[in-house]
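Here's the letter readout for the chains.
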Amino acid sequence: MKTCIYRFLLAAALAGGAAQAAAAGVDYRIDPEHTEVVVTWSHLGFSTPSAHAGGIRGVIRYDAANLSASSVKLDVPLANFTSHIPKLDEMLRGPQFFEAAKYPAIGFQSTSVEDKGDGRLLIHGTLRIKDREKPIVLEARQNKAGVHPMAQRPAIGFDAATVVKRSDFGVEAYAPDVSDDVALRITVEALADAAR
């Protein structure tokens, strides 16, 4: 009888632990080969050039049962930030703009997530550029969640967008001829247990 009770209590404890683990969500490590940030701005009102950043690293914690418990943290290395115009890339990484030698990455850390329904999320967080941190809100949409056919493990993907004022982060060179407002578009693919 005591053995049966012990086994029952052990099973209940294991089940409770599993439920708590599930309730905490799943960590998905961002795949730097399939994640990108695109930055777009206005140049004198004549054109809307863009620059791209790859090699992004970070973790998405996704809780499908309680989306407000989800979170994201990522770093965007400026070494991989390119407009595909060498002279402009040198300026962007230099002292007039991002000072990449001193501040090698841009960071984002979520503070809260709002479920807006139909796979849409508002991700509130802090954007760090150089030595400045400001709150921003990403309008995000879940693209897909499921088993990745190539990696054969759980995967998740999102698109997100926002507009930031670059002067808020000390990157105001040539404004307003080069627009102070810049649009950010992010596409993210992330894999569970990618580090293993």
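Our structure is the block above this text.
Here the structure is a predicted model, which means the values were calculated and not measured. (Residues numbered from 1 in each chain as written. Predicted model: local features only at pLDDT ≥ 70, side-chain atom pairs only at ≥ 80, totals over all residues. Heavy atoms only, no water.)

## As for the environment of Arg-128
When you line up the elements, Arg-128 lands in strand β8 (residues 120–129). When the C-alpha atoms of Arg-128 and Phe-169 are compared, they prove to be 7.9 Å apart, with 41 residues separating the residues in sequence. Those residues in contact with Arg-128 that lie beyond four places of it in its chain are Asp-75, Ala-105, Ile-106, Gly-107 and Glu-133. Separated by 3.5 Å, the side chain of Arg-128 and the backbone oxygen of Ala-105 make a polar contact. (Helix = DSSP H or I, 4+ residues; strand = E, 2+ residues; numbered from the N terminus. Contact = heavy atoms within 4.5 Å. Polar contact = N/O pair within 3.5 Å; in protein donor to acceptor, adjacent residues only side chain to side chain.)

## Focus on empty space enclosed by the protein
Applying the stated criterion to the full structure yields one cavity of 30 Å³ or more. Ile-60, Val-72, Ile-123, Ala-140 and Phe-158 are the residues nearest the centre of the largest cavity, which is lined by 16 residues in total. Broken down by secondary-structure element, the contributors of at least two residues to the lining of the largest cavity are β4 (57–62), β5 (71–77), β8, β9 (132–147), β10 (154–165) and β11 (181–192). Across the lining of the largest cavity, the residue classes break down as 13 nonpolar, two polar and one charged. (1 Å grid on protein atoms, 1.4 Å probe; cavity = no way out; pocket = protein on both sides within 12 Å on 5 of 7 lines; lining within 4 Å. Points joined across faces, edges and corners; volume = space filled by probe spheres on them. Nonpolar A, V, L, I, M, F, W, Y, C, P; charged D, E, K, R; others polar.)

## Observations concerning the nonpolar core
Core analysis: the largest hydrophobic core is formed by 44 residues, its most contacted members being Ile-60, Phe-81, Phe-98 and Ile-123. Among residues more than four places away in sequence, those in contact with Ile-60 are Val-26, Asp-27, Tyr-28, Ile-30, Ser-71, Val-72, Phe-158, Val-188 and Ala-190. (Core = buried A, V, L, I, M, F, W, Y, C linked by side-chain atoms within 4.5 Å. Buried < 20%, exposed > 50% of the residue type's maximum accessible area, 1.4 Å probe, protein only.)

## What about the pattern of salt bridges?
Any two side chains of opposite charge can pair, so long as their charged atoms come close to each other. Per the counting criterion, the structure on display carries six salt bridges. For Lys-130, the salt bridge identified is with Glu-99, shortest N-O distance 3.0 Å. With Lys-130 in the loop between β8 and β9 and Glu-99 in the loop between α2 (86–93) and β7 (105–117), this residue pair connects regions lying 31 residues apart in the sequence. Judged by relative accessible area, which is 11%, Lys-130 ranks as buried. On the basis of relative accessible area, Glu-99 is assigned to the partly exposed category, the value being 26%. (Salt bridge = Lys/Arg side-chain N within 4 Å of Asp/Glu carboxyl O.)

## Quick look at the pairing of β8
As paired strands, β7 and β8 are joined by nine bridges and run antiparallel to one another. Following the sheet pairing, Ser-112 is matched in β8 by His-124. Where β8 and β9 come together, ten bridges link them in antiparallel fashion. Within β9, the residue paired with Arg-128 across the bridge is Glu-133. (Pairing = 2+ DSSP bridges.)

## Some details on the layout of surface pockets
The calculated volume of the largest pocket comes to roughly 630 Å³. As for the largest pocket, its lining consists of 32 residues, and the residues nearest its centre are Val-39, Trp-41, Phe-81, Phe-98 and Val-182. Looking at the lining of the largest pocket, its residues break down into 27 nonpolar, four polar and one charged. Empty space within the second largest pocket amounts to approximately 190 Å³. If you go around the second largest pocket, you meet 15 residues; those closest to its centre are Lys-144, Ala-155, Ile-156, Gly-157 and Glu-189. Those elements that provide at least two residues to the lining of the second largest pocket are β9, β10 and β11. Take the lining of the second largest pocket: its biggest share by element is five residues, from β9.

## Topic: the side chain of Asp-89
Note on placement: Asp-89 falls in helix α2. The charged side chain of Asp-89 is buried without a salt bridge, its nearest counter-charge being Arg-93 at 4.5 Å. The residues contacting Asp-89, other than those within four sequence positions of it, are Phe-81, Thr-82, Ser-83 and His-84. (Lys, Arg positive; Asp, Glu negative; His and termini not counted.)

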